[in-house]
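Report on the structure
Each chain, letter by letter, is given below.
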Amino acid sequence: MIYRVFTATMIIGIVLFLNQCQSPNPEFDEINDLFSKWNNENSPGCAVLVYQDGKVIYDKAFGMANISDSLPIQSNTQFHIASITKQFTGMAIAILEERGLINVDEEVVEYIPELPKYGKSIAIQHLLNHTSGIPEYQYLEDLAGIDGHQGISQETFFDLLQSKDNLNNNPGERYIYSNSNYVLLALIVEKVTNMNFPEFVKKEIFAPLKMRNSEFINTVGPRKQKRIARGYNQNYQIDEPSINLNTIIGDGGIITDIENLGLWAKGLINRQLPSSESLMQTPLSGHYNYGLQYFHHYGLPTISHGGVHFGFRSNILIFPEQDFFVIILGNIDNRDFFYNSYSIADILLKDSYKKIDAEIGLIADVRAFTGKFASKYLDEVIMIRSADSALSITNYQKGEKHAAYQGDENMFVSRASSGQRTYQFNQKKDTLEITDYDGSTKVFHKAEDFSTLSNIKGLAGSYLSKDIGFTLTLNIDEDGVINSDFDSEYFNNFHPLTSEIWMNKNIRMMTITFQRKEGRATGFSLSTDRLKNLKFERLK
């Protein structure tokens, strides 16, 4: 026993020592510094791989795959990659499309008659680019009191979709990310091929790319589970999905290692699979298709996707024109892994970037640009304050705060670890367009400040959603903040955006829109970033 413990300690020491060794490339030292806080035997960590000009130039692991068993992360450590799975689902659809077995303009119900009758025509293409309007099953799962760690069956999945009888939006009208779309795409693959989805992906994708250490969560036996990293929360406590042989997949579900995922990204860049071109082409409209996001970073086209699920966070970032990609697989849900993928690109590709110059103090008084701004669909709010000659910009939903400096008369620029953002105001300074570090844009309008409201007591009470059989009791604290009896950060800490619309400050961007009669609320509709217009009626 002593010999075994000593051997494990020696292995950890060697792995961590090698990671701490000085690299002959100073740029690699900068990359090492990004992950130094995880390079020890008492924390979870990540695996990192960088590919440039036809070869892997950086491949390192930091931290522990299993803290209690003293197992360090290595190049063959498997991780849950969560939503990165969607691009494999997208590739499966592209393969069937190329073979003439499906047409993405066909209606989903032709393949999945179990889909709820929403009274709208939903095409396969709407699933691929997240414009179907089908609600997020994971949010309905939360409201139904189902523990997401366990996964759910196909039957439960359809029961959840049936519980809400309206779509988030008309199909094709707008982009709203929903995991439900990619579960349905995986089911379409099964219906068309008469193969279970993991079988098809293994035969058509894993095998040709020699991804021999890749599999699905619902195919993993007890013996194989030892190769999978444990997932941890911010307090380094175990927080991971259960291995469930009956769980739905397609939106997530793949378990793989850093080098296998590198084979996948290399296969995309080099078009090693016949259907790769479908995934590498920028969509004619929108920014999402086939399980991938298409943006720009400092003027360079990017293809990317992240994955987050119970103790795991991953990101894949491809610069196709530079023959470059970064992959990070982490076994702790830490946003730094997402940002660090861009920071690595910033270190290695900075000479190719197109940056916008910004001047400090161009205009001494920036107060005309300050205030509260809400997005068109009221799903995101930012607060802008003056900070000397700069703007201090807080995004409550993203949990971010940035300083922005003036680039020209009505444009400000901020730079952070995730890249460059621009803030373009109109002449009246009541409309703002934000171009994010990844090239995506969003328009915001100035919102009236309702920090003090007179008639708020009529909002308190108990409300029932008949659709899902869920009761929510709202109360108002002494500071005029609405809270509920549901023990979740998502359903508490609501602040007024307008007299009838209240929003909380968390990542799900939840809003409550009240309906009143004679000053007393008779009901409300609840919306989040992925679930819209869930109706509640007052009980008492």
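Bear in mind the structure is a predicted one, so any value in this text is a computation, not a measurement.

Here's the deal with the pairing of strand β10 (residues 300–309)
Side-chain direction in a regular strand flips from residue to residue, so the side chains alternate between the two faces of the sheet. Here β10 lies mainly inside the structure; 7 of its 10 residues are buried. Strand direction decides the pairing type here: strand β9 (residues 292–297) and β10, joined by 5 bridges, are antiparallel. In the strand pairing of β10, Gln293 is matched with Ser304. Where β9 folds back onto β10 in an antiparallel hairpin, the turn is made up of 2 residues, including Tyr298, whose phi is positive at roughly 50 degrees. The sheet contact formed by β10 and strand β11 (residues 312–319) spans 7 bridges and is antiparallel. Across the sheet, residue Ser304 finds its bridge partner in β11, namely Leu317. Counted along the chain from β10 to the antiparallel partner β11, the turn is 2 residues long, and its residue Phe310 has a positive phi close to 35 degrees.

Focus on helix α9 (residues 258–269)
With 12 residues, α9 extends 17 Å between its outermost C-alpha atoms, agreeing within 8% with the 16 Å of an ideal straight helix rising 1.5 Å per residue. Counting buried residues along α9, 9 of its 12 residues qualify, which places the element largely inside the surrounding structure. Where α9 begins, the side chain of Asp257 points an oxygen toward the backbone nitrogen of Glu259, at a separation of 3.0 Å.

Some words on the packing of aromatic side chains
This structure, assessed with the given rule, holds 29 aromatic pairs. Measuring from centroid to centroid gives 5.1 Å for Phe470 and Phe486, while their planes differ by 85 degrees, and the two rings are edge-to-face. You can see Phe470 sitting in strand β22 (residues 470–476) and its partner Phe486 sitting in the loop between β23 (482–484) and β24 (494–496), a full 16 residues away along the chain. The class for Phe470 is buried, based on a relative accessible area of 8%. Between Phe470 and Phe536, the ring centres sit 6.3 Å apart and the planes meet at 80 degrees, which makes this aromatic pair edge-to-face. Linking Phe470 in strand β22 with Phe536 in strand β28 (residues 534–538), this pair joins segments that are 66 residues apart in sequence. Each member of the pair Phe470 and Phe536 is classed as buried. Three or more aromatic residues link up through ring pairs in this structure, and these residues are Tyr463, Phe470, Phe486, Phe491, Phe514, Phe524 and Phe536.

Here we look at the nonpolar core
Within the largest apolar cluster, 102 residues are counted, with the highest numbers of intra-cluster contacts made by Ile205, Trp264 and Phe514. Excluding residues within four positions of it along the chain, Phe514 makes contact with Leu459, Tyr463, Leu474, Ile482, Glu500, Trp502, Ala521, Gly523 and Phe524. The next biggest cluster of nonpolar side chains, apart from the first, holds 26 residues, and it includes Trp38, Phe319, Tyr342 and Ile344.

Quick look at the sheet that holds strand β7 (residues 254–256)
Across a sheet, paired strands are connected by hydrogen bonds in the backbone, their directions being either parallel or antiparallel. Taken in spatial order, the 3 strands line up as β5-β7-β6 in an open sheet, and their pairing is antiparallel. The sheet terminates laterally at β5 (79–80) and β6 (215–216), the two strands that pair on one side only.

Details of the confidence of the model for the protein
Summarising the model, the protein shows a mean pLDDT of 87, and 89% of its residues fall at 70 or more. Confidence drops under pLDDT 50 across residues 1–6; counting only partners more than four residues distant or on other chains, this segment forms 0 contacts.

Comments concerning the packing of helix α2 (residues 26–34) against helix α11 (residues 336–349)
At their nearest, the axes of α2 and α11 sit 10 Å apart, and the two run at 165 degrees to each other. Regarding the angle of α2 to α11, the classification is roughly antiparallel. Note that α2 runs across α11; the crossing there is right-handed. Where α2 abuts α11, its residues Glu27, Phe28, Glu30, Ile31 and Leu34 lie against Asn340, Ser343, Ile344, Ile347 and Leu348. Looking at the contact of α2 with α11, its residues break down into 6 nonpolar, 2 polar and 2 charged.

What to know about the packing of helix α3 (residues 85–98) against helix α8 (residues 197–206)
Viewed as axis vectors pointing N to C, α3 and α8 meet at an angle of 75 degrees, and their least axial separation amounts to 10 Å. Compared by their axis directions, α3 and α8 come out roughly perpendicular. Listed contacts from α8 to Phe88, Thr89, Met91, Ala92, Ile95 and Leu96 of α3 are Phe197, Phe200, Glu204, Ile205 and Phe206. Broken down by class, the residue content of the contact of α3 with α8 amounts to 9 nonpolar, 1 polar and 1 charged.

With respect to empty space enclosed by the protein
Taken as a whole and assessed by the stated rule, the structure comprises 1 cavity of 30 Å³ or more. The space that makes up the largest cavity amounts to roughly 50 Å³. Around the largest cavity sit Tyr139, Asp142, Leu143, Tyr490, Phe491, Arg508, Met510, Leu526, Thr528 and Leu531, which together line it. Per-element accounting of the lining of the largest cavity gives the leading share, 3 residues, to helix α5 (residues 137–143).

The rules we used
- Residues numbered from 1 in each chain as written.
- Predicted model: local features only at pLDDT ≥ 70, side-chain atom pairs only at ≥ 80, totals over all residues.
- Heavy atoms only, no water.
- Buried < 20%, exposed > 50% of the residue type's maximum accessible area, 1.4 Å probe, protein only.
- Helix = DSSP H or I, 4+ residues; strand = E, 2+ residues; numbered from the N terminus.
- Pairing = 2+ DSSP bridges.
- Expected span 1.5 Å × (residues − 1).
- Polar contact = N/O pair within 3.5 Å; in protein donor to acceptor, adjacent residues only side chain to side chain.
- Phe/Tyr/Trp six-rings, centres within 6.5 Å; stacked < 30°, edge-to-face > 60°.
- Core = buried A, V, L, I, M, F, W, Y, C linked by side-chain atoms within 4.5 Å.
- Contact = heavy atoms within 4.5 Å.
- pLDDT = per-residue confidence, 0-100.
- Axes fitted to C-alpha atoms, helices over the stretch in contact; angles between N-to-C directions.
- Parallel < 35°, antiparallel > 145°, perpendicular 65-115°, else oblique.
- Left-handed = near helix turned anticlockwise from the far one by under 90°.
- Nonpolar A, V, L, I, M, F, W, Y, C, P; charged D, E, K, R; others polar.
- 1 Å grid on protein atoms, 1.4 Å probe; cavity = no way out; pocket = protein on both sides within 12 Å on 5 of 7 lines; lining within 4 Å.
- Points joined across faces, edges and corners; volume = space filled by probe spheres on them.

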